Amino acid sequence: QVQLVESGGGLVQAGGSLRLSCAASGRTFSSYAVGWFRQAPGKEREFVVGITGAITRYADSVKGRFTISRDNAKNTVYLQMNSLKPEDTAVYYCAARYSSGSFLPQTYDYWGQGTQVTVSS
């Protein structure tokens, strides 16, 4: 079992930055692929970025602005978000699945509770 806790969300003006954290407990986190997803009101949950080992994948909408990283010693994955836009406003979730990564939220086994990110124009 893996427990995930997100933190770092908040309100920021357009062009600003936030760093989200996803802290894991329960198992050795380094063997798990981690994805960040987001869900805006009235929209489906969408893939933002994922990391498997040292391999990262980004949604086109965030390439060049968001950066994912992980610190296995701290069992934590980070999402650095720069040049934020109002359309980035959503609840952000981290998710984990054993071994390989995926763009599909339904393939992830463990989810955090989510953290709200609001970008004002």
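For the structure itself, consult the block above.
Below is a short write-up of the structure.

Quick look at the pairing of strand 11 (residues 115-120) now. Only one face of strand 11 is covered, namely the one carrying Thr115, Val117 and Val119; the face carrying Gln116, Thr118 and Ser120 has none of its residues buried. The sheet contact formed by strand 2 (residues 10-13) and strand 11 spans four bridges and is parallel. Across the sheet, residue Val12 finds its bridge partner in strand 11, namely Val119. Bridge count between strand 9 (residues 90-98) and strand 11: three bridges; the pairing is antiparallel. Its bridge partner being in strand 11, Tyr92 is matched across the sheet by Thr115.

It is worth spelling out the sheet that holds strand 8 (residues 76-81) at this point. Overall, antiparallel pairing links the four strands, which are arranged 1-3-8-7 in an open sheet. Both outer strands of the open sheet, strand 1 (3-7) and strand 7 (66-71), are each paired with one neighbouring strand and no more. Direction aside, neighbouring strands of the sheet carry axes that sit 15° apart on average. Bridge analysis of strand 7 against strand 8 gives six bridges, and the strand direction is antiparallel.

Conventions and cut-offs
Residues numbered from 1 in each chain as written. Predicted model: local features only at pLDDT ≥ 70, side-chain atom pairs only at ≥ 80, totals over all residues. Heavy atoms only, no water. Buried < 20%, exposed > 50% of the residue type's maximum accessible area, 1.4 Å probe, protein only. Helix = DSSP H or I, 4+ residues; strand = E, 2+ residues; numbered from the N terminus. Pairing = 2+ DSSP bridges. Axes fitted to C-alpha atoms, helices over the stretch in contact; angles between N-to-C directions.

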